[in-house]
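# Analysis of the macromolecular model
Take a look at the letters that make up each chain.
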Number of protein chains: 2
Amino acid sequence: MELVAIGTVESPLRDRASAPKQGDEGAPEAWLVFDADVAEGLDGIAAGDELLVLTWLDRAQRGVLRVHPRGDPARPEQGVFNTRSPDRPNPIGLHRVIVISIDGVRLRVSALEALDGTPIIDVKPLLRGIDER
Amino acid sequence: MELVAIGTVESPLRDRASAPKQGDEGAPEAWLVFDADVAEGLDGIAAGDELLVLTWLDRAQRGVLRVHPRGDPARPEQGVFNTRSPDRPNPIGLHRVIVISIDGVRLRVSALEALDGTPIIDVKPLLRGIDER
């Protein structure tokens, strides 16, 4: 099960210490910069769309199975699968964003907590009600 | 970027033709069977919890960049990143489920459209409001 990068995040966020834990906790706008060879896969995405972006959190630790939620030592340890910790066996980030603008293979998106240089591995539309699918 | 399987789906669904396109379109209950070496990562998950399960859709085609939405030839082709098609460069399935019961490393979950034998790659809690995190 080998992932391929389909693009990269361009963000002012450079390290974990300065990044908010979730997008809606003050994360900045960012660019999703896609590789030219997957450009066709973006057809139909428009400004205003809500997307789920999946990333590979390449600065996470994969050997971790228990963490203090939100890194707060006052909170009892939990299994990583019961938290949103980036540290987990497969460090996949899941980010809900809104497309602000599109410039070729570059998508400007709202509040994204992923760090600069993070590989993008998938993008999915937010799932609507059954009648609208 | 090499994924490790953390478990496997046990489901009555055997092939894509018989599987609903989304969990809420009539998918059956299923078991998530985790590997013993990640059992600690499940600590804190309880019956009634809502989870996001990430799977590796091992019967998907990775070379596809455009599809007819929902496989319906009457609908114009779209880029795969604007659809929930399993066929895409990194065939990661994203499933929202409710935990029905827990038996050691086996979690019984509601409506899951993943096929029997599908590798599980991650589990995350549904994100609550900022005040509850």
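Keep in mind that what you see is a predicted model, and the values were worked out from it rather than measured.

## Comments concerning the sheet that holds strand E6 (residues 92–103) of chain B
Residues and elements named next belong to chain B. The strand order around the closed barrel formed by six strands is E1-E2-E7-E6-E3-E8, and the pairing between neighbours is antiparallel. Taken pair by pair, the neighbouring strands of this sheet meet at an average axis angle of 45°, ignoring direction. Pairing geometry for strand E2 (residues 30–34) and strand E7 (residues 106–109), over four bridges, is antiparallel. When the bridges of E7 are listed, Ala30 appears paired with Val109.

## Some remarks on the pairing of strand E8 (residues 119–125) of chain A
All names here are of chain A. The element E8 is extensively covered by neighbouring structure, given that seven of its seven residues are classed as buried. The pairing of strand E1 (residues 7–10) with E8 spans two bridges and is classified as antiparallel. Bridging from a neighbouring strand, Gly7 pairs with Ile120 of E8. With five bridges connecting them, strand E3 (residues 50–56) and E8 associate as antiparallel partners. In the sheet register, Leu54 faces E8, and the bridge partner there is Asp122.

## Digging into the pattern of salt bridges
Within the structure shown, the criterion is met by 24 salt bridges over all chains. For the salt bridge of Glu29 of chain A with Arg108 of chain A, the shortest nitrogen-to-oxygen distance reads 3.0 Å. Residue Glu29 of chain A is located in the loop between E1 and strand E2 (30–34), and its partner Arg108 of chain A is located in strand E7 (residues 106–109); the two are separated by 79 residues in the primary sequence. On the accessibility criterion, Glu29 of chain A (39% relative accessible area) is partly exposed. One salt bridge connects Asp43 of chain A with Arg66 of chain B, and the closest N-O pair in it is separated by 2.1 Å. Of this pair, Asp43 of chain A sits in the loop between E2 and E3 while Arg66 of chain B sits in strand E4 (residues 66–67), each in a different chain. Counted as one network, the salt bridges with shared partners bring together Glu40 and Asp43 of chain A together with Arg66 and Glu77 of chain B.

## Some thoughts on the relation of the copies chain A and chain B
These two copies of the chain differ by a rotation about an axis and a displacement along the same axis. Expressed as a screw operation, the relation of chain A to chain B combines 0.0 Å of axial shift with a rotation of 180°, fitting to an RMSD of 0.0 Å. The relationship between the two copies is best expressed as a two-fold rotation axis. Measuring from the rotation axis to each C-alpha of chain A, the shortest distance belongs to Glu2 of chain A, at 2.4 Å. When the interface residues of chain A are mapped onto chain B, 100% of them are again interface residues, pointing to one common binding face.

## Considerations on the interface of chain A and chain B
Chain A puts 48 residues into the contact, and the matching count from chain B is 48 residues. Note on chain A versus chain B: buried area summed over both sides is about 4,700 Å², and carbon and sulfur give 57% of it. One can count six salt bridges joining chain A with chain B. In this structure, Arg66 of chain A and Glu40 of chain B form a salt bridge, with 3.9 Å as the shortest nitrogen-oxygen distance. The interface formed by chain A and chain B includes 26 residue pairs in polar contact (both at pLDDT 80 or more). Among the secondary structure elements, those contributing two or more residues to the side of chain A that touches chain B are E3, strand E5 (78–79), strand E6 (92–103) and E8 of chain A. With six residues, the top contributor of residues to the side of chain A that touches chain B is E8 of chain A. Residues of the side of chain A that touches chain B, tallied by class, amount to 24 nonpolar, eight polar and 16 charged.

Conventions used here
- Residues numbered from 1 in each chain as written.
- Chains lettered and ligands numbered in written order.
- Predicted model: local features only at pLDDT ≥ 70, side-chain atom pairs only at ≥ 80, totals over all residues.
- Heavy atoms only, no water.
- Pairing = 2+ DSSP bridges.
- Helix = DSSP H or I, 4+ residues; strand = E, 2+ residues; numbered from the N terminus.
- Axes fitted to C-alpha atoms, helices over the stretch in contact; angles between N-to-C directions.
- Buried < 20%, exposed > 50% of the residue type's maximum accessible area, 1.4 Å probe, protein only.
- Salt bridge = Lys/Arg side-chain N within 4 Å of Asp/Glu carboxyl O.
- Least-squares fit on C-alpha atoms with pLDDT ≥ 70 in both.
- Contact = heavy atoms within 4.5 Å.
- Buried area = accessible area lost by both parts, 1.4 Å probe.
- Polar contact = N/O pair within 3.5 Å; in protein donor to acceptor, adjacent residues only side chain to side chain.
- Nonpolar A, V, L, I, M, F, W, Y, C, P; charged D, E, K, R; others polar.

All quantities given are derived from atomic positions and should not be read as evidence of function.
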